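# Notes for the structure review
Chain residues, written in single-letter form:
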Amino acid sequence: MTPLTLSCHDLPGGVLVTVAGELDSSNSPRLESYAERQRRPGAGMVLDLAGLTFMDSRGLHVLLRLNAAVLDQGGVLRLAAVQELPARVLRVTGVWSSLIVHADVGEAVAAMGAQRPDGLRESS
């Protein structure tokens, strides 16, 4: 098992949280609490998942709860660079279409500076 590593960088309009390793029932609460500490009201959040090699249903639930929490505070959660196995979990469960997914971090960060899905500008 590859340990979960997390890091965060401030961005104009939000934060970038980098997630690497495996996300499963043993460590999904760690991602959730880490991301919650990084959230700012009205700000967006990008999850860089380029280094995430595995995700189980608990990890999926964390993403859904985090998405709801960011939206409730007026921001937008964006996933970036989702790898093959986590992408399969998102697609098979139908969650892929309910989250905002970008090909890479640069695209997600650019979108965060542009428009929210409801047509309003994200706060910076």
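This text gives an overview of the structure that appears in the document. (Residues numbered from 1 in each chain as written. Predicted model: local features only at pLDDT ≥ 70, side-chain atom pairs only at ≥ 80, totals over all residues. Heavy atoms only, no water.)

## A closer look at helix 1 (residues 28-38)
For the α-helix, the turn length of 3.6 residues means that residues three or four positions removed from each other point alike. Note the threshold: Burial here depends on accessible area, computed with a 1.4 Å probe over protein chains only, as a share of the maximum for the residue type. Under 20% is buried, over 50% is exposed, and the range in between is partly exposed. Going along the chain from the N terminus, every DSSP run of H or I of four or more residues is numbered as a helix, and every run of E of two or more is numbered as a strand. By arc we mean the arc of the directions from the helix axis to the C-beta atoms, nothing more. Whether two residues are in contact is decided by their heavy atoms: any pair within 4.5 Å suffices.
Of the positions making up helix 1, those classed as buried are S28, L31, Y34 and A35. The arc that holds the buried residues of helix 1, viewed along the axis, is 130°, so those residues lie on one side. Exposed and facing more than 90 degrees away from the buried side of helix 1 are P29 and R37. As for helix 1, its buried residues are in contact with strand 1 (5-11), strand 2 (14-23), strand 3 (44-55) and helix 2 (57-72).

## Focus on the environment of M1
Turning to its location among the elements, M1 is positioned in the segment before strand 1. The exposure class of M1 is exposed, given its relative accessible area of 65%. Note: C-alpha distance between M1 and T53 (52 residues apart in sequence) is 10 Å.

## Describing the nonpolar core
Quick note on the threshold: The nonpolar core is taken to be a set of buried Ala, Val, Leu, Ile, Met, Phe, Trp, Tyr and Cys residues, with the residues joined through side-chain atoms within 4.5 Å.
In this structure, V19, M45, L47, L79 and L90 are the most contacted members of the largest nonpolar core, which totals 26 residues. Where this core is concerned, the elements lending two or more residues are strand 2, helix 1, strand 3, helix 2, strand 4 (77-80) and helix 3 (84-92). The contacts of V19, once residues within four sequence positions are left out, are L4, T5, L6, L31, L47, D48, L49, G51 and L52. Grouped together as the second largest cluster of nonpolar side chains are six residues, L16, V46, A80 and M112 included.

## Considerations on the pairing of strand 4
The criterion, for reference: Should DSSP find at least two bridges between two strands, the strands are taken to pair. Classification remark: right-handed applies to a crossover when, strands pointing away from the viewer, the course from the first strand over the helix to the second runs clockwise.
Burial along strand 4 is two-sided: L77 and L79 and R78 and A80, pointing in opposite directions, are all buried. Where strand 3 meets strand 4, four bridges bridge the pair, whose relative direction is parallel. Directly across from D48, in strand 4, lies its bridge partner A80. In the classification by handedness, the crossover that spans strand 3, the intervening helix 2 and the parallel strand 4 is right-handed. When strand 4 meets strand 5 (residues 100-102), the two strands line up parallel, connected through three bridges. Considered in strand 5, the bridge of A80 is made with H102.

## Quick notes on the pattern of salt bridges
When the charged atoms of two side chains lie near each other, side chains of opposite charge can form a pair. For clarity, the threshold we go by: For this document, the term salt bridge refers to a Lys or Arg side-chain nitrogen within 4 Å of an Asp or Glu carboxyl oxygen.
Enumeration according to the criterion identifies four salt bridges in this entry. With a closest N to O distance of 3.2 Å, D10 and R40 form a salt bridge. With D10 in strand 1 and R40 in the loop between helix 1 and strand 3, the pair connects residues that are 30 residues apart, well separated along the chain. Residue class for D10 comes out exposed when judged on its relative accessible area of 62%. Classification of R40 as partly exposed rests on a relative accessible area of 34%.

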